[in-house]
Amino acid sequence: MNDISKKIIHTVTNDLTYDQRMIRICTSLAGAGYEVVLVGRALPDSLPLPERPFAQERLHCHFHRGKLFYLEFNLRLLFWLCRQTFDMICAIDLDTLLPGYLAPLFRKKKCIYDAHEYFTEVPEVVDRPFTKWVWGRIAALIIPRLHHAYTVGPQLARIFEEKYGTPFAIIRNLPWREEDCVAPPAAGQNAVILYQGRLNEGRGLETAILAMHQVADAQLWLAGEGDLSQELRILTEREGLQEKVRFLGYLRPEQLREVTLQAHIGLNLLENKGLSYYFSLANKAFDYIQVGLPSVQMDFPEYRDLQEKHQPFALLDQLDPTLLAGVLHRLVSDREYWQRLHQNCLAARNELCWEQEEKQLLRFYRNI
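Residues numbered from 1 in each chain as written. Predicted model: local features only at pLDDT ≥ 70, side-chain atom pairs only at ≥ 80, totals over all residues. Heavy atoms only, no water.

> Before we move on, could you go through the pairing of strand 9 (residues 218-223) and cite the residues and values that matter?
Burial analysis of strand 9 places six of its six residues in the buried class, the great majority of the element. Burial along strand 9 is two-sided: Ala 218, Leu 220 and Leu 222 and Gln 219, Trp 221 and Ala 223, pointing in opposite directions, are all buried. Pairing of strand 8 (residues 191-196) with strand 9, which is carried by six bridges, proceeds in the parallel orientation. Within strand 9, the residue paired with Gln 196 across the bridge is Ala 223. Each parallel crossover has a hand, and for strand 8 linked through helix 7 (residues 205-211) to strand 9 it is right-handed. With four bridges connecting them, strand 9 and strand 10 (residues 245-249) associate as parallel partners. Across the sheet, the residue bridging to Ala 223 is Gly 249, located in strand 10. (Buried < 20%, exposed > 50% of the residue type's maximum accessible area, 1.4 Å probe, protein only. Helix = DSSP H or I, 4+ residues; strand = E, 2+ residues; numbered from the N terminus. Pairing = 2+ DSSP bridges. Right-handed = clockwise from strand over helix to strand, strands pointing away.)

> I'd like to hear about unusual backbone geometry, residue by residue, with values.
The residue Leu 16 is not glycine, and still its phi comes out positive at about 80°. When you line up the elements, Leu 16 lands in the loop between strand 1 (7-11) and helix 1 (20-31). Of note, the phi angle at Lys 108 is positive, near 60°, even though the residue is not glycine. Relative to the elements of secondary structure, Lys 108 occurs in the loop between helix 3 (97-107) and strand 5 (110-115).

> Please provide a residue-by-residue account of a positive patch on the surface, values included.
A grouping of Lys 6, Arg 107, Lys 109 and Lys 110 is seen on the molecular surface, where their side chains present a positively charged patch. If you trace the backbone, Arg 107 turns up in helix 3. (Patch = residues over 30% accessible without salt bridge, like charges linked within 9 Å, V, L, I, M, F, W, Y side chains within 5 Å. Areas by Shrake-Rupley, 256 points an atom, 1.4 Å probe, with all protein chains shown as cover. Salt bridge = Lys/Arg side-chain N within 4 Å of Asp/Glu carboxyl O. Lys, Arg positive; Asp, Glu negative; His and termini not counted. Charge placed at Lys NZ, Arg CZ, Asp CG, Glu CD.)

> Outline the packing of aromatic side chains, supporting the account with residue identities and numerical values.
The full count for this structure, using the stated rule, is 17 aromatic pairs. Centroid distance Phe 130 to Trp 133: 6.2 Å. Interplanar angle 25°. Geometry classified as stacked. Separated by three residues within a single helix, Phe 130 and Trp 133 lie in helix 5 (residues 129-142), roughly one turn from each other. Ring geometry for Trp 176 versus Trp 354: centroids 6.4 Å apart, planes at 80°, classification edge-to-face. Here Trp 354 lies in helix 15 (residues 354-366) and Trp 176 lies in the loop between strand 7 (169-170) and strand 8, a separation of 178 residues in the sequence. Under the relative-accessibility criterion, Trp 354 is labelled buried at 1%. Three or more aromatic residues joined by ring pairs form one cluster here, namely Phe 69, Tyr 70, Phe 73, Phe 119 and Trp 135. Geometry around Tyr 337 places Arg 330 over its ring, the cationic atom sitting 3.6 Å from the centre. (Phe/Tyr/Trp six-rings, centres within 6.5 Å; stacked < 30°, edge-to-face > 60°. Lys NZ or Arg CZ within 6 Å of the ring centre and 35° of its normal.)

> Report on the layout of surface pockets, specifying residues and quantitative values.
Taken as a whole, the second largest pocket spans an internal volume of roughly 400 Å³. Forming the walls of the second largest pocket are 18 residues, and the residues nearest its centre are Gln 20, Arg 24, Trp 176, Pro 253 and Arg 257. Of all elements in the fold, only helix 1, helix 9 (253-262) and helix 11 (283-290) reach the threshold of two or more residues within the lining of the second largest pocket. The residue makeup of the lining of the second largest pocket, split by class, is six nonpolar, five polar and seven charged. (1 Å grid on protein atoms, 1.4 Å probe; cavity = no way out; pocket = protein on both sides within 12 Å on 5 of 7 lines; lining within 4 Å. Points joined across faces, edges and corners; volume = space filled by probe spheres on them. Nonpolar A, V, L, I, M, F, W, Y, C, P; charged D, E, K, R; others polar.)

> Which residues make up empty space enclosed by the protein, and what values go with them?
Gaps left between atoms are located by rolling a probe of water-molecule size over the structure's atoms. Under the criterion given, the structure shown has two cavities of 30 Å³ or more. Empty space within the largest cavity amounts to approximately 60 Å³. Lining of the largest cavity is provided by Leu 94, Tyr 113, Glu 117, Tyr 118, Phe 119, Thr 120, Ala 139, Ile 143, Phe 160 and Tyr 164. Its residues assigned to classes, the lining of the largest cavity shows eight nonpolar, one polar and one charged. In this structure, the second largest cavity spans a volume of roughly 40 Å³. No other element matches helix 1, which puts three residues into the lining of the second largest cavity. Across the lining of the second largest cavity, the residue classes tally to four nonpolar, one polar and three charged.

> Tell me about a nonpolar patch on the surface, residues and numbers included.
Where nonpolar side chains cluster on the molecular surface, the patch consists of Phe 63, Leu 68, Leu 71, Leu 75 and Phe 79 and spans about 500 Å² of accessible area. Mapped onto the elements of the fold, Phe 79 is located in helix 2 (residues 66-82).

> Residues and numbers for the pattern of salt bridges, please.
One pass over the structure, following the stated rule, counts 15 salt bridges. Two residues, Arg 21 and Asp 114, come together in a salt bridge whose shortest N-O distance is 2.5 Å. Of this pair, Arg 21 sits in helix 1 while Asp 114 is found in strand 5, placing the two residues 93 residues apart along the sequence. Judged by its relative accessible area of 6%, Arg 21 is buried. Note on Asp 114: relative accessible area 0%, which makes it buried. Salt-bridge contacts for Glu 351 lead to Lys 309; the nearest nitrogen and oxygen are separated by 3.0 Å. Within this pair, whereas Glu 351 is found in the loop between helix 14 (335-348) and helix 15, its partner Lys 309 is found in helix 12 (residues 301-310), the two being separated by 42 residues in sequence. Residue Glu 351 is classed as partly exposed on the basis of its relative accessible area of 36%.

Structure below.
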């Protein structure tokens, strides 16, 4: 095809190892004939990058958190991009958009914006007025000037188009099609309740830990690390729940898949602390569906829409340990209910998979 000569650089602020979404996107584009580079950052404990069908680069920073990190990374990224040859730069989220916009501007190349979240409305930003103002100004200055953008769900696409006047395509964060699936817990076996993702503010993790006081015959597994890693471990110890809550740490994608196949219930608990979470469409919701794993999701618009169409979830009205424990207890004890959600997941997974969604991605890039 005629796209072989097109070079696309994708920019993120993470260390690339665990970013399944970008691995899928870059793999699909490389398979379609594009020359693809994914650039992120190196952390002190970053693992060696595995070989992939696209190029990977990491930028080294002195700072790893806070305002100084974002300032340093954006400057390093801009200088790095200005030394590269490319046809397009795709800036993933607002924290890489400024260099992703300026570098192509100097050469009259194209900038694409991939809004994985509503950045100014995430819990880490929404309660910090100055930080929110800075990112808001960057968004207001750049996004209306863009011609090519996409996001992960229809609700966010609608909000962005109304706010910035830029059309947003929808490319959902779906997993590759799975052939394997989970099984219910065997007789006498504790049910595994799995959370996968960052251990960050606004993820309902404190609620999940406290709910384990009231859920018999079950363990909570937390796969990931984040800003609350130490606080959640202290909470678990203070509540005397060390036997019921396991911290698995960071897992590579292949390790996470194996752990997910051992689980019996998935969790995706988000606090309504900003529009980003309220209108989110998290990849873990689809990861659970893909392996037939019944899961608890918040009763937010995108998950409600999926529930109305496919019935793969148990929806939770509000974050409360007692309410969550009641939902978990039913999933643990009511085998018929668990099986019904399990079968609904399996019925939906042929549609809700990356093999279907990548068609939207490739169509988007071919139209640029």
